[in-house]
Amino acid sequence: MRRKRFSRREVLAGLGAGALASVVPGCSGGGARSAVLQVWGGVPAASGPANVVKAFEQRFPQYKVNYTRFVNDARGNLKLDTALQGGVDIDVYFTYSPASLALRAGSGLAVDLTDRVTQDPQLKVFLDTDQPRAYLDNGRVKALATAREPFFVLFNEKLRQQAGVDLPQQWTIDEYRATAKKLTTANTIGAYTVPDVARIALGPNYWYDGDRSNFGDPHFEQNFRIGQDMIREGSAFPWTEVLARHLDSYQQNSFLGEEFHLWSTAPFNLRYLYDPKKFPHDFKVSFAPPPTVDGQDWNGGSYNNFVMVNPKSPKVDAAWEFVKFWLTEGSTPMLAGGKLPTLGNVTDDQVLTGMLGKEPEKYFDVDSFRRVVLDAEPKLATDTRLAGFPEITLAVKQQKDLCWLGEKDPGAAIREVRRVADAAIARNERSS
Amino acid sequence: MATATVVAAERTTVRADPGPGIKPKGWIGLLFIAPNLLGVIAFTLIPLISVIVLAFTDWNLVSGLGGIKFNGLDNFIAIARDPGFWSAVGLTLVYVGVSVPLTVMLGLGLGIALNRPLPGRAVLRAIFFLPYIVNIVAIGMTWLMLMNPKAGLVNQVLDVFGLQPGWFASSHWALPALIVMAVWGGVGYCSLIYLSALQDAPRQLYEAADIDGAGVWAKFRVITWPSLLPTTIFLLVTLIIGASQGFGLIALITAGGPGDSTTTISYYMYQTGFQFYRFGYASAIGLVTFVGVLVLTLVTWRAQRGRALHD
């Protein structure tokens, strides 16, 4: 049998074709644009987005939507950033961290939505600059907050009644500390941690003062000191345990296990409190507002979950239709994930059943929920100055850890934060 | 002897006449290594060149290739003045300087022990090698539980001696805890390499030493250690490079903390690039680290020249 000889050219052509064949599928996500609207978000589809998409497709049958979930951590955000840069088919995407917001908006990865927002009376509120609900880059609207996330303090009703402590309707940070102390027993620690004292006192952009950082403000040191003192006296969770058990990501388990009592948190954690199968517990939960500091009552929460439209999308009009739907009539399903809509276009009953499950009365003190979440109008602090934000975030965390482990004096810790923050702000402002 | 000559002649014949359809051209060899070569080009060479170029830029990734701004030597000047970088260098030197010699010493001891006839020797070898092949996440989570300052097994044992280290929840103990884990993970690998080297140790020298009445220590000092020196240098070089790049356990367990007590150079580079999005600066740190590790490796390599035992 005669063997066929391949010429060098034939072999090279074969190799080239092989290489191309292996590369092209890898690029298919980057080059090809589908007719389907591609939406990337950090909330699991089952926690609301799938139902928003379903409702949108019913309302606008001419559109099909594919929702892709990315994990909202450093790696997930990097994946989204490289996808956006690499031209992957994404029409609408969500941004959760302030640092990513500034980077993406400032790097041409967001459509200018100013005119569309201005022309729609329903969306006028997004132009408010006192309590901003949109991210503005050089005065242009680049991202719209889809959710408001007010903070509140949760009480374990069973333990509260046992301790004979009144449910506060208004309280100061000193009263918070005293209450935590009173609730501390041999088995349960009074509080998980301290609400952000400086945020409550100073409101939005509290890290910045002109072209420098604001860590000279005494409230920052006060925050570190109260935490350190509470841990020392045993009324706040020992930070050694928090770090050794990586507890920050699993606070709900310790709250449900009655390891601590007061839990300063936000609506997205309510989903753990009404599912008896996955998260069994035998107590009701009641709500108190965050404590005030020196008469100031900024809520620690903010407007969040910013939606943006990719400027590389060939379907910007369809993408905008989807964004508008999510913000307005389609926002209800997101209550299941603990997302209160920014525009407040849901009824109280929808909020109750959406956020507190099918049997709210069974697991929650609904009166206190109405008082603290539905009827109150908390002052939400959304940062708009974001120079050096990731560096400052890390410095605050590092020094807080040292302080609350009892290894460093709060004054020295804040001075170190200030040094890092000043340098980060100067470098960012210089390079921008 | 005759058989060897015939085989050699056959080999020569094959070389002289490759047969129909087979051309002993260089590109055929290239064809075989092409997949690997493509991998090296795509995943090593291009990233390496990119890092060198990016080290002289200010770039945040999100702005795309159009956002790259060349800034000359600014990144290197900033590195020289960056206290975070120098802190990371110091921690890396401690981490490498303690974990590598410890791993090699314990590996050597274990290798020698497992080289002796012991009951269940094969099982013991497998047990000691196991940490090297176990998934890093499983290792991390297990040690995290073992080293829990309050409820962990390690502290329950140490409590007998009145010791209660904070391990990962203490800025003083977190780095030692990582060193313990690194040593535990590397000893089995070292012992296996030493075991294979010990099999090659010259028997006749041991026999001669026995005849001369040399003791155990004298035999180790004069025969075993010099014959193991090339292996030791190989282990030192590879472990130094590996430990300098140590990242997985730090990312998984401490995230560089508490404070910055476990922010080694590789983790600092990751923070700078992937958390602060300063890819130009992170590349410059990478380049400086590369030069540092290269120097360290060369110093180690040169230190052994002329000291090994040659047959």
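Along every chain, residues carry numbers that run from 1 in the direction the sequence is written. Chain A is the first chain written and ligand 1 is the first ligand written, with later ones labelled in order. Under the rules for a predicted model, residues below a pLDDT of 70 receive no local features and side-chain atom pairs below 80 are neither given nor counted, while totals for whole chains, interfaces and linings still include all residues.

This paragraph deals with the overall build of chain A. Helix and strand counts for chain A come out as 17 helices and 15 strands. Residues with at least 20 neighbouring C-beta atoms inside 10 Å of their own are called buried, those with 12 or fewer are called exposed, and the rest are partly exposed, where every C-beta is derived from the backbone. A burial count over chain A gives 46% of its 432 residues as buried. In chain A, of all internal contacts separated by at least 6 residues, the share reaching a separation of at least 24 is 77%. The secondary structure listing takes helices from DSSP runs of H or I that are at least 4 residues long and strands from runs of E that are at least 2 residues long, numbered from the N terminus. This entry defines residue contacts through backbone-placed C-beta atoms, with two residues in contact when those atoms are within 7 Å.

Here the focus is the overall build of chain B. When its secondary structure is counted, chain B shows 13 helices and two strands. Its C-alpha atoms give chain B principal-axis dimensions of about 70 × 65 × 35 Å. Nonlocal contacts in chain B, meaning residues at least 24 apart in sequence, comprise 69% of its contacts between residues at least 6 apart.

Right, let's talk about the nonpolar core for a bit. One nonpolar core equals one set of buried Ala, Val, Leu, Ile, Met, Phe, Trp, Tyr and Cys residues connected by C-beta atoms within 7 Å. Grouped together as the largest cluster of nonpolar side chains are 177 residues, with contacts concentrated most on A:Ala143, A:Leu144, A:Phe322, B:Phe168 and B:Leu178. In terms of residue count, the dominant contributor to this core is helix α8 (residues 174-199) of chain B (14 residues). When residues of this core are assigned to domains, at least three fall in each of domain 1 (30-149 + 302-346) and domain 2 (152-300 + 361-431) of chain A. Discounting chain neighbours no more than four positions away, the residues touching A:Leu144 are A:Leu113, A:Phe126, A:Ala134, A:Phe306, A:Val307, A:Val323 and A:Leu327. Annotation comment: domain bounds sourced from an automatic or database domain assignment.

Let's shift gears to the interface of chain B and chain A. How big an interface is tends to be reported as the loss of accessible area on association of its parts. Chain B puts 30 residues into the contact, and the matching count from chain A is 28 residues. At the level of elements, α2 (26-54) and α12 (265-275) of chain B are the ones that each hand at least two residues to the side of chain B that touches chain A. A per-element tally of the side of chain B that touches chain A places α2(B) first, with four residues. Counted by class, the side of chain B that touches chain A contains 14 nonpolar, 13 polar and three charged residues. Each residue is assigned to one of three groups, with Ala, Val, Leu, Ile, Met, Phe, Trp, Tyr, Cys and Pro labelled nonpolar, Asp, Glu, Lys and Arg labelled charged, and all others, Gly among them, labelled polar.

All names here are of chain A. With five of five residues buried, strand β6 (residues 152-156) is to be regarded as a mostly interior element. The alternating pattern of β6 places Phe 152, Leu 154 and Asn 156 on one face and Val 153 and Phe 155 on the opposite face, and all of these are buried. By the convention used here, strands pair only if DSSP detects at least 2 bridges between them. Pairing of β6 with strand β11 (residues 285-288) involves four bridges; the strand directions are antiparallel. In the sheet register, Leu 154 faces β11, and the bridge partner there is Phe 287.

Next up on the list: α8(B). How far a helix is expected to stretch is found by multiplying one less than its residue total by 1.5 Å. Compared with the 38 Å implied by 1.5 Å per residue over 26 residues, the 38 Å span of α8(B) between its first and last C-alpha is a close match. In this scheme, the bend at a residue equals the angle between the axes fitted to the seven residues that finish there and the seven that begin there. A maximum bend of about 35° is found in α8(B) at B:Gly186.

This next bit is on the environment of A:Gly257. Within the secondary structure, A:Gly257 sits in the loop between α11 (251-256) and β10 (260-265). Separated by 98 residues in sequence, A:Gly257 and A:Leu159 have C-alpha atoms that sit 12 Å apart.

Another point: the confidence of the model for chain B. In regions of low pLDDT, the predicted coordinates are not meant to be interpreted in detail. Residues and elements named next belong to chain B. You can read pLDDT as the predictor saying how much it trusts each residue, on a scale of 0 to 100. Here chain B averages 88 in pLDDT, while 90% of its residues score no lower than 70. Per-element confidence in chain B is highest for helix α3 (residues 74-80), whose mean pLDDT is 97, and lowest for helix α1 (residues 2-16), whose mean pLDDT is 47. Within the model, the stretch residues 1-14 combines pLDDT values under 50 with zero contacts to residues more than four positions away or in other chains. Scored by ipTM, the complex comes to 0.84, with pTM at 0.86.

Residue and element names in this part refer to chain A. Here four strands make up an open sheet; going across it, the order is β7-β10-β6-β11 and the pairing mixed. Edge strands, defined here as strands with exactly one partner in the open sheet, are β7 (189-191) and β11. Each strand axis lies, on average, 25° off the axis of its neighbour in the sheet, ignoring direction. In this structure, β6 lies alongside β10, joined through three bridges in antiparallel fashion. Paired with Phe 152 across the bridge in β10 is Thr 265. Geometry is summarised by axes, namely lines fitted to C-alpha atoms with helices restricted to the contacting stretch, and by angles between N-to-C directions that run from 0 to 180 degrees. Across the sheet, helix α15 (residues 366-374) lies against β6 and β11, angled at about 35° from β11, the strand it touches most.

For the rest of this paragraph, the subject is the packing of helix α10 (residues 216-244) of chain B against helix α13 (residues 279-303) of chain B. Angle between the axes and distance between the axes: these two values describe a pair of packed helices. All names here are of chain B. The contact between α10 and α13 brings their axes to 10 Å, and the two run at 165°. The angle between α10 and α13 falls in the class roughly antiparallel. The handedness of the crossing between α10 and α13 comes out as right-handed. Here Ile 233, Leu 236, Val 237, Ile 240, Ile 241 and Ser 244 of α10 lie close against α13, whose contacting residues are Thr 289, Val 293, Leu 296, Thr 297, Thr 300 and Trp 301. The residue inventory of the contact of α10 with α13, partitioned by class, reads eight nonpolar, four polar and no charged. Oblique is the label for every angle not falling under 35 degrees (roughly parallel), over 145 degrees (roughly antiparallel), or within 65 to 115 degrees (roughly perpendicular). Two helices that cross are described as forming a left-handed crossing if the nearer one is turned anticlockwise from the farther one by less than a right angle, and a right-handed crossing if clockwise.

Below, the discussion takes up the domain arrangement of chain A. All names here are of chain A. As far as domains go, chain A holds domain 1 (30-149 + 302-346) and domain 2 (152-300 + 361-431). Here domain 1 and domain 2 have C-alpha centroids that lie 28 Å from each other. Facing 14 residues of domain 1, the contacting portion of domain 2 comprises 15 residues. Of all the elements, helix α4 (residues 98-106) adds the most residues to the side of domain 1 that touches domain 2, at four residues. Of the residues that constitute the side of domain 1 that touches domain 2, the class distribution is eight nonpolar, four polar and two charged.

All right, on to unusual backbone geometry then. Residues and elements named next belong to chain B. Pro 258 follows Gly 257 through a cis peptide bond whose omega is -5°. One can find Pro 258 in the loop between α11 (248-254) and α12. Of note, the phi angle at Ala 255 is positive, near 50°, even though the residue is not glycine. Its location among the elements puts Ala 255 in the loop between α11 and α12.

All names here are of chain A. Following the sequence through the fold, Thr 114 ends up in helix α5 (residues 114-119). Along the primary structure Thr 114 and Gly 354 are separated by 240 residues, whereas in three dimensions their C-alpha atoms are 31 Å apart. When residues no more than four places from it in sequence are discounted, the contact partners of Thr 114 are Arg 140 and Val 141.

Once that is clear, we can look at the pairing of β10(A). Residues and elements named next belong to chain A. Counting buried residues in β10 gives six out of six residues, a clear majority hidden from the surface. Strand direction decides the pairing type here: β7 and β10, joined by two bridges, are parallel. The partner of Ala 191 across the bridge, within β10, is Leu 262.

A few words now on helix α12 (residues 316-327) of chain A. Spanning 12 residues, α12(A) covers 16 Å between terminal C-alpha atoms, matching the ideal 16 Å at 1.5 Å per step. Listed in full, the buried residues belonging to α12(A) are A:Ala318, A:Ala319, A:Phe322, A:Val323, A:Trp326 and A:Leu327.

All names here are of chain A. Two elements in contact, helix α9 (residues 218-233) and helix α17 (residues 410-431), have axes separated by 9 Å at closest approach and are oriented at 135°. Comparing the axis directions of α9 and α17 gives the class oblique. In this structure, α9 crosses over α17, and the sense of that crossing is right-handed. Mapping the contact onto sequence places Phe 220, Glu 221, Phe 224, Arg 225 and Gln 228 in α9 and Pro 410, Gly 411, Ala 413 and Ile 414 in α17. Looking at the contact of α9 with α17, its residues break down into five nonpolar, two polar and two charged.

Here we take up the confidence of the model for chain A. Mean pLDDT over chain A works out to 90, with 92% of the residues at or above the 70 mark. Counted against residues more than four places away or in other chains, residues 11-31 of chain A, with its pLDDT under 50, gives 10 contacts.

The next subject is the environment of A:Gly357. Among the secondary structure elements, A:Gly357 is positioned in the loop between α13 (348-356) and α14 (360-363). Taking C-alpha positions, A:Gly357 is 37 Å from A:Phe220, a pair spaced 137 residues apart along the chain.

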